[in-house]
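# Per-entry structural report
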Amino acid sequence: MIKKILLQLTKGAVIGVNAGLLISLAFSYLLKLNEYVPAPPRFLNHFHNQTNAMLVSVIIWAVIGGVFSCTNLIFSAFDWSITKMTIVHFGITFFLFLQLALIAGWFPFSLFNISAFFVEFGIIYSIIWIISMLQTKKEINKINARLLK
Amino acid sequence: MKVNFMQNEQLIDNLIVLQAKQMNVEIEQIIRNIENKPHSLTGTLNDRTLSQPTQNFVRIYTAQKKVFGVTLTEEIILNSRLYELEAILPDNFIRISNTEIINIHYLDRLELTKNGIINIHFKNNEQTSSSRRYLPKIKERLL
């Protein structure tokens with residue numbers, strides 16, 4: 001189990017760093033900046049030099065990737081209902097992701113921003129719940145059709 | 001391959017005889033299957049020891065650290081642990097949750113509840129529940 005978690009963490013961290021790099025690169029282009037920046041100014045201002053800012057950004061991307069891929073293990077370890085799994089997954093990921101997003105300076109700390117973030121997350125998880133239910137229903141129908149034969 | 005059944009009332013214990021021109025992989029496989037798969041499970045019911053043919057079991061589950069085997073007529077307490085049974089039972093027995101193994105021969109239908117729990121209905125009207133991650137295995141075994 002520990003081996004499984006470590007493997008999942010490493011995989012997630014690699015994906016996280018790659019995604020972070022591509023997204024920050026895309027934003028640097030979209031905002032028509034003259035130089036590449038790994039994060040918004042409100043985050044960069046905490047650092048005296050660019051290398052440190054980049055290092056901390058990479059660490060944050062890795063942790064975000066690790067968190068996401070490890071919370072996925074929840075789905076494969078318990079006999080919970082789809083609703084319970086979705087809510088627990090939502091709770092853990094939202095809480096951890098919020099901390100990281102605030103540290104990374106993706107948005108300023110305010111009740112409005114956090115609420116908006118919560119709503120966005122909620123919409124994504126509602127869609128995940130609906131897809132999970134539909135997929136499961138489809139699987140069950142297939143199995144039932146086979147049982148009738 | 002021809003299969004014959006011969007009744008012999010003189011026998012004390014049941015005996016399987018396999019005749020072939022030569023030993024080959026197929027025969028070896030058959031012998032291994034006969035030897036390894038338990039044809040009956042032993043347990044207790046009201047402190048009485050009894051044995052039931054494996055295929056009579058509808059479901060086997062753990063509760064209060066005991067393993068219960070449910071047949072069409074009775075429920076007995078089995079001596080083995082669930083993971084041990086999982087390893088030795090024939091292929092039509094599949095795990096459907098952390099605490100339960102079912103015999104798909106008695107499976108009637110599955111049903112998804114509003115919460116996303118999978119209810120399993122058996123032909124003898126018993127019911128139990130499973131979660132999503134076991135569905136692929138159930139489907140595979142039904143093929």
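The rules behind the values
Residues numbered from 1 in each chain as written. Chains lettered and ligands numbered in written order. Predicted model: local features only at pLDDT ≥ 70, side-chain atom pairs only at ≥ 80, totals over all residues. Heavy atoms only, no water. Helix = DSSP H or I, 4+ residues; strand = E, 2+ residues; numbered from the N terminus. Expected span 1.5 Å × (residues − 1). Buried < 20%, exposed > 50% of the residue type's maximum accessible area, 1.4 Å probe, protein only. Contact = heavy atoms within 4.5 Å. Phe/Tyr/Trp six-rings, centres within 6.5 Å; stacked < 30°, edge-to-face > 60°. pLDDT = per-residue confidence, 0-100.

### Description of helix α5 (residues 111-148) of chain A
In this model α5 of chain A runs 54 Å from its N-terminal to its C-terminal C-alpha over 38 residues, within 8% of the 56 Å that 1.5 Å per residue would give. When we look at burial in α5 of chain A, the residues that qualify are I114, F117, F121, Y125, S132, M133, T136, I140, I143, N144 and L147 of chain A. Next to the buried residues of α5 of chain A lie α3 (50-71) and α4 (82-103) of chain A together with β8 (107-112), β9 (118-122) and α3 (135-142) of chain B.

### Concerning the packing of aromatic side chains
How two aromatic rings sit relative to each other is given by the distance of their centres and the angle of their planes. Residues and elements named next belong to chain A. As enumerated under the stated definition, the model contains 14 aromatic pairs over all chains in all. Measuring from centroid to centroid gives 5.8 Å for F90 and F94, while their planes differ by 10°, and the two rings are stacked. Note that F90 and F94 are positioned in helix α4 at a spacing of 4 residues, about one turn of the helix. For the pair F90 and F94, one class covers both residues: buried. Both rings, one in F90 and one in F118, keep their centres 5.4 Å apart while their planes meet at 80°; by these two values the pair is edge-to-face. Of this pair, F90 sits in helix α4 while F118 sits in helix α5, and the two are 28 residues apart along the sequence. The class of F90 is buried, set by a relative accessible area of 15%. Residue class for F118 comes out partly exposed when judged on its relative accessible area of 40%. An aromatic cluster is present here, built from F68, F90, F94, F97, F117, F118, F121 and Y125 joined pairwise through their rings.

### As for the confidence of the model for chain B
All names here are of chain B. Of the residues in chain B, 99% reach a pLDDT of 70 or more, and the chain-wide mean stands at 88. By mean pLDDT, the top-scoring element of chain B is β9 (95), and the lowest-scoring one is helix α1 (residues 25-36) (81). The ipTM value of the predicted complex is 0.70, and its pTM value is 0.72.

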